[in-house]
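As a plain string of letters, each chain reads:
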Amino acid sequence: MATEIEFSFKTLTGTAQRHIRVFQIHQFLDRFAMGLTVAVVALALTDRGMDLLQISLLFGVYSLTTMAMELPFGGLADTIGRKPVFLAAVIASLISLVLFLSSSDFTVLALSFACIGFGRALRSGTLDAWFVETFRIAAPNVDVQPALAKAQWANAMGLAFGAILGGLLPDLFGMTALRYGISIYDVSYVASFAVMIAVLIYTMFAITEEPRPLNASALRQGFISVPSVIAQAGALALRHPTLSMLLAALALVLMATNPVEVIWPTYAKPMLDERYANTAIGTLTAGYFFAIAFGAALSPYISRVFRRRHAVTLAALFSCLAGVQLALAMQGNIVGFVGVFLLYSILLGASETPASSILHRCVDDRQRSTMLSLRSLIQQLGAALGLVLAGAVADAYSTPVAWGVGAVFLLIATVLSLLLAERLTAAAES
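Residues numbered from 1 in each chain as written. Predicted model: local features only at pLDDT ≥ 70, side-chain atom pairs only at ≥ 80, totals over all residues. Heavy atoms only, no water.

A. A look at the overall build of the protein chain. Scanning the protein chain from N- to C-terminus turns up 15 helices and zero strands. The 430 residues of the protein chain split such that 54% are buried. Contacts in the protein chain between residues at least 24 apart in sequence constitute 83% of all its contacts with a sequence separation of at least 6. Accessible surface computed for the protein chain: about 18900 Å², of which carbon and sulfur atoms make up 68%. (Helix = DSSP H or I, 4+ residues; strand = E, 2+ residues; numbered from the N terminus. Buried < 20%, exposed > 50% of the residue type's maximum accessible area, 1.4 Å probe, protein only. Contact = heavy atoms within 4.5 Å. Areas by Shrake-Rupley, 256 points an atom, 1.4 Å probe, with all protein chains shown as cover.)

Now the structure itself:
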């Protein structure tokens, strides 16, 4: 495996610097549009008369749609191009917003959530693959991990600012919305629609990709080729011990961390005064995204400490996450909880790009989108299994015990990362 040159933004060519900035703006806008609805989706559904069971079912529709479509559309992006598939994802998101705004009927809302899942599946592995491939052309043999970290920082900042504004808009313009006969939370959805239009326009004109045939015959051939591309990517993951260990470790990490990310509001809320509990939870949600962005910004410096040995970096971060997750489970007051939770979020943000860097070094361009989709699918399965297990343990014992069980998964992921580091070192020396 060829040695990569250490990343330095100032020494990159103008083309490479511009490529990073273009993608950062794109990621910020796309996630900003999503963040606008993150803070209010549960409240908007409740305002439409949905009970907790119906809300859970709607999110289940989203998850099932995403998992069912993840690999096929990753394979399609590898076949017909990343940009057209991402544009289709944006259109699916716009349709989902229109459906949501148009009705309070459960069936229509289910279609809206299915479109969100459809858009998520279309997005997965599209422009991320385009970014890496184009960066490698503009900056050959340069370590891509810091460039990915810059993109992830913009991604998390978009979610954070979107969540803040999405929570403020109903308070600022809620009365105006009521005068027009719509829900106060629809203001955030209208804003998301407007930003998503901006994402569509920006993608069309700012993202450049070598055009591939997009006539009916090419599309048909693209869909016909999808099973073959998926089979090849799956076989690569099974045959390639590096990829197998990486994907297994990432699944274990999501089994541990997803229950924390989902359950923490219910754990923290009893520590708060009821008069400002919801506001505090919303603020901490934004803090969570800001902390992830900060962790992404720190990631290249952490990797430098470990001499850009990304698997060793992962092992160190996963072991720290295990310890911090145990510390989080032991917090009994809100001040301690907030401090530990933000540290936890920083570590999550820092762990994303070393894993991505390893994956991109192991995959050819023709399978990159599919492999990213396979990674996303495996992580979602790990997250779902972890959530079911944590829910059962929390119900039988307590939330802290459930999080403690999750810490064990993180320790197993640490061991896998160390084995992965040994394999990568051996490959580099051979």
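B. Summary view of unusual backbone geometry. The phi dihedral of Asn141 is positive, around 65 degrees, even though this residue is not glycine. Inspection of the secondary structure assignment puts Asn141 in the loop between helix H6 (127–138) and helix H7 (145–179). Notably, Arg308 is not glycine yet its phi reads approximately 55 degrees, a positive angle. Mapped onto the secondary structure, Arg308 falls in the loop between helix H11 (277–305) and helix H12 (310–329).

C. Just empty space enclosed by the protein, in detail. Applying the stated rule across the entire model yields one cavity of 30 Å³ or more. Of the pockets and cavities examined, the largest cavity occupies roughly 70 Å³. Met255, Gly386, Ala390, Ala402 and Gly406 are the residues nearest the centre of the largest cavity, which is lined by 14 residues in total. Of all elements in the fold, only helix H10 (241–268), helix H14 (368–396) and helix H15 (399–429) reach the threshold of two or more residues within the lining of the largest cavity. Among the elements that make up the lining of the largest cavity, the one with the highest residue count is H15 (five residues). (1 Å grid on protein atoms, 1.4 Å probe; cavity = no way out; pocket = protein on both sides within 12 Å on 5 of 7 lines; lining within 4 Å. Points joined across faces, edges and corners; volume = space filled by probe spheres on them.)

D. A look at the pattern of salt bridges. On inspection of all chains with the given rule, the structure shows six salt bridges. With a shortest N-O distance of 3.0 Å, Asp186 and Arg48 are connected by a salt bridge. With Asp186 in helix H8 (residues 186–206) and Arg48 in the loop between helix H2 (41–47) and helix H3 (52–80), this pair connects stretches of sequence that are 138 residues apart. Of the two residues, Asp186 and Arg48, both sit in the buried class. When salt bridges with common partners are traced through the structure, they connect Asp30, Arg31 and Arg123 into a single cluster. (Salt bridge = Lys/Arg side-chain N within 4 Å of Asp/Glu carboxyl O.)

E. Geometry of H7. Taking 1.5 Å of rise per residue, the 35 residues of H7 would be expected to cover 51 Å, and the 50 Å separating its terminal C-alpha atoms lies within 8% of that figure. Maximum bend of H7: about 65 degrees, positioned at Phe173. Of the residues trailing H7, Gly181 is marked for its positive phi of about 80 degrees. (Expected span 1.5 Å × (residues − 1). Bend = angle between axes of the 7 residues up to and from the residue.)

F. How the structure looks around the nonpolar core. Leu246, Phe337, Ile358 and Trp403 are the most contacted members of the largest nonpolar core, which totals 65 residues. Elements represented by at least two residues in this core include exactly H7, H10, H11, H12, helix H13 (334–362), H14 and H15. For this core, the leading source of residues is H10, giving 16 residues. Apart from residues no more than four positions distant in its own chain, Leu246 is found in contact with Leu314, Ala355, Ile358, Leu359 and Leu420. In this structure, Val22, Val132, Phe135 and Val195 belong to the second largest nonpolar core, which totals 35 residues. (Core = buried A, V, L, I, M, F, W, Y, C linked by side-chain atoms within 4.5 Å.)

G. Up close: H13. For H13, built from 29 residues, the straight-helix expectation of 42 Å at 1.5 Å per residue is met to within 8% by its first-to-last C-alpha distance of 43 Å. The opening residue of H13, the one whose side-chain oxygen lies 3.2 Å from the backbone nitrogen of Val335, is Asn333. (Polar contact = N/O pair within 3.5 Å; in protein donor to acceptor, adjacent residues only side chain to side chain.)

H. Main features of the packing of H12 against H13. Across the interface, H12 lies against H13 with an axial gap of 9 Å and an inter-helix angle of 160 degrees. Relative to H13, the element H12 lies roughly antiparallel. Note on packing geometry: the crossing formed by H12 with H13 is left-handed. Broken down by class, the residue content of the contact of H12 with H13 amounts to 20 nonpolar, five polar and no charged. (Axes fitted to C-alpha atoms, helices over the stretch in contact; angles between N-to-C directions. Parallel < 35°, antiparallel > 145°, perpendicular 65-115°, else oblique. Left-handed = near helix turned anticlockwise from the far one by under 90°. Nonpolar A, V, L, I, M, F, W, Y, C, P; charged D, E, K, R; others polar.)

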